[in-house]
Amino acid sequence: MWKRMDFQEEAVQLINSDFRDLSLAANRLAHHAIKLGGLGFGASLFGLICAIAAIYLLILDRTNWRTNILTALLIPYIFFSLPSLIFAVFRGEIGKWIAFIAVVLRLFIPRHFPDWLELPGALILLIVVAPSLFASTFRDNIVGVVVCLIIACYLLQEHIRASGGFRNSFTKVHGISNSIGIIILLVYPIWALVVILF
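The following paragraphs examine the structure supplied in this document. (Residues numbered from 1 in each chain as written. Predicted model: local features only at pLDDT ≥ 70, side-chain atom pairs only at ≥ 80, totals over all residues. Heavy atoms only, no water.)

Taken as a whole, this structure holds three salt bridges when the rule is applied. Close ionic contact of Arg 106 with Glu 118 constitutes a salt bridge, the shortest N to O distance being 3.1 Å. Linking Arg 106 in helix H4 (residues 93–108) with Glu 118 in helix H5 (residues 118–129), this pair joins segments that are twelve residues apart in sequence. A relative accessible area of 39% means that Arg 106 is categorised as partly exposed. In this structure Glu 118 comes out as partly exposed when scored by relative accessible area, which is 32%. Of the charged contacts, one joins Glu 158 and Arg 161 as a salt bridge, the two residues approaching to 3.4 Å between their closest N and O atoms. (Salt bridge = Lys/Arg side-chain N within 4 Å of Asp/Glu carboxyl O. Helix = DSSP H or I, 4+ residues; strand = E, 2+ residues; numbered from the N terminus. Buried < 20%, exposed > 50% of the residue type's maximum accessible area, 1.4 Å probe, protein only.)

If you want it as structure tokens, here you go:
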């Protein structure tokens, strides 16, 4: 009986020690990532969050929460704001296969190609076939950031106009989620401009 209790106490102590070590390692990793990445890491993180927000807005537009804003502008926004690692994956063989399947489905079986796949298919095609001037040069400098800022400002202005004013864009049921998503789109270009300019 005593052996079992000693074993349980020892196991609890070992697990607690392991959790302390893991939290210390995670804390050091975060500290070193911020130290090495600095503000650039924040821009990459905000780029990912804003790309997710743009995808969220695309999904909202394809459901019953349709808006009068031009959501096709979200495709170049996602193109310019995707973090480099994710962009490289879609620009590689995986993206080529996805684009190939999308084109084959669209050309040869158009009845089985749903409308909601049009814009994501266009995004993958854009990522795969974009010249390196856009994919490498413009994405990684102030041109891509300015394009994202212009798109976010335009979408916010159009959303406010379609809602009937700033107050209505936050008080209508369908307006709140779209307003929050569009405001999140402003975070990446503003942060990236701060990083680039200062």
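Moving on, there is more to tell.
Let us now look at the side chain of Ser 179. Tracing the chain through its elements places Ser 179 in helix H9 (residues 173–185). Overall, the relative accessible area of 1% leaves Ser 179 in the buried class. Ignoring sequence-local partners within four residues, the contact set of Ser 179 consists of His 159, Ser 169 and Phe 170. (Contact = heavy atoms within 4.5 Å.)

Counting 33 residues, the largest nonpolar core has Leu 74, Tyr 77, Phe 79, Leu 155, Leu 185 and Tyr 188 as its most contacted members. Elements with a minimum of two residues in this core: helix H1 (2–62), helix H2 (74–81), H5, helix H7 (142–163), H9 and helix H10 (187–197). The contact partners of Tyr 77, leaving out residues within four places of it in the chain, are Cys 50, Ala 54, Cys 148, Ile 151, Ala 152, Leu 185, Tyr 188 and Pro 189. (Core = buried A, V, L, I, M, F, W, Y, C linked by side-chain atoms within 4.5 Å.)

Keep in mind these values describe shape, not function.
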